[in-house]
Amino acid sequence: MTLFEELQQAIINGKAPVAKELTDKMLKEGIRPAEIFPKAIVPAMDEVGRRMRDCEFFIPEVLIAARAARASTDILRPLLSGEEALRSAGTVVCCTVKGDLHDIGKNIVAMMLESAGFRIIDLGVDATPEKIVEAVRQHKANIVALSALLTTTMVNMKAVIEALTAAGLRDKVKVLVGGAPVTDAWAHSIGADGYGKDAPAAVELARQLAPV
Ligand code: B12
């Protein structure tokens, strides 16, 4: 097995200390940090996504795999010159909308997107439209990923889109929405660009909407 394959296995199996060790070893052997994303981390998280879709993996396995991926990305991120590899996939402002404190799904989506090479600006939970608009402007984001778990807070997704429009930023970003009560029909009705039912779908959508 190559080191790339070993790292893939470590991530899929959720072995964060092994992932860290292998990443250090790869760097010592002269492998470029930017090479490790497409050849190990991204395919590993793609496989995790496939397993989740096929019900071979459930939330705990996904979280553990994402944590292993993070053990590797934490080492690599500061080494990427000008963050070229991360920036090339796009910048995502992600959050749970105002009034909503559920963040487990949002965190999985953020970790999967990060593992897929996106730069993540995570605004946490209870994010106001103003805060989101400000972050999009400041970080020149090209994607906004909004999560809502309550039927009473879904409507705040619409408020974010209206605030982006009012700030003249709507045509600069693609807005993705998700969360248990959210549907494709809802996404359409509020003028979002896409709805994803789970984290792998979020990655697919982000790749489609902001192609490298
Ligand atoms: C855990 C939980 C909590 C925890 C949250 C902890 C945390 N840090 O997140 C706590 C205990 C704090 C909580 C509080 C409340 N909760 Co609660 N909670 C849940 C529960 C059991 C699980 C949610 C979860 O984490 N699921 C696992 C994750 C992985 O799934 P997910 O969030 O759906 O995310 C996936 C997808 O939806 C998608 N996705 C998510 N976000 C995004 C974003 C994008 C862009 C994309 C593309 C995809 C995407 O990808 C994710 C990964 O695959 C749900 C029940 C349920 N089955 O959903 C109730 C639930 C959501 N809660 C509910 C309620 C009512 C509440 C409270 C109001 C309870 C109360 N009376 O105080 C409060 C509200 C607090 C607030 N203001 O937010 C109701 C909502 C009912 C409704 N239809 O509105 C639910 C459905 C329970 C129920 N059946 O009544 N809750």
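You'll find the structure just up there.
First, a word on what this report is: a plain description of the structure on this page. (Residues numbered from 1 in each chain as written. Predicted model: local features only at pLDDT ≥ 70, side-chain atom pairs only at ≥ 80, totals over all residues. Heavy atoms only, no water.)

**Section: a nonpolar patch on the surface**
So, step 1. On the surface, a nonpolar cluster with roughly 250 Å² of combined accessible area is contributed by Ile59, Leu63 and Ile104.
So, step 2. Relative to the helices and strands, Leu63 resides in helix 4 (residues 59–76).
So, step 3. A residue is classified by how much of its surface remains accessible, and Leu63, at 30% relative accessible area, is partly exposed. (Patch = residues over 30% accessible without salt bridge, like charges linked within 9 Å, V, L, I, M, F, W, Y side chains within 5 Å. Areas by Shrake-Rupley, 256 points an atom, 1.4 Å probe, with all protein chains shown as cover. Salt bridge = Lys/Arg side-chain N within 4 Å of Asp/Glu carboxyl O. Helix = DSSP H or I, 4+ residues; strand = E, 2+ residues; numbered from the N terminus. Buried < 20%, exposed > 50% of the residue type's maximum accessible area, 1.4 Å probe, protein only.)

**What to know about the site of the ligand**
So, step 1. Inspection of the region around the ligand gives 27 residues, with Leu101, His102, Asp103, Ser147 and Thr151 positioned closest.
So, step 2. Between the ligand and Ser147 there is a distance of 2.7 Å, counted from a nitrogen atom to a side-chain nitrogen or oxygen.
So, step 3. Ala199 has a polar backbone atom sitting 3.3 Å from an oxygen atom of the ligand.
So, step 4. Those elements that provide at least two residues to the shell around the ligand are helix 6 (104–115), strand 3 (143–147), strand 4 (174–178) and helix 10 (199–209).
So, step 5. Sorting elements by how many residues they give to the shell around the ligand places helix 6 first, with four residues. (Near = heavy atom within 4 Å. Polar contact = N/O pair within 3.5 Å; in protein donor to acceptor, adjacent residues only side chain to side chain.)

**What about the coordination of the cobalt atom of the ligand?**
So, step 1. Donor atoms from the protein around the cobalt atom of the ligand number only one, His102 (NE2), found at 2.2 Å.
So, step 2. Checked against the element boundaries, His102 lands in the loop between strand 1 (91–96) and helix 6. (Donors = N, O, S within 2.8 Å, 3.2 Å for Na, K, Ca; no water.)

**Some details on the pattern of salt bridges**
So, step 1. The final tally for this structure, using the stated rule, is 14 salt bridges.
So, step 2. Here Arg207 ties to Asp46 by a salt bridge, and the two come within 3.4 Å at their closest N and O atoms. You can see Arg207 sitting in helix 10 and its partner Asp46 sitting in helix 3 (residues 33–53), a full 161 residues away along the chain.
So, step 3. With relative accessibility at 36%, the residue Asp46 sits in the partly exposed group.
So, step 4. A salt bridge links Arg50 to Glu56, with the shortest nitrogen-to-oxygen separation between them at 3.2 Å.

Don't take any of this as a statement about function, it's just geometry.
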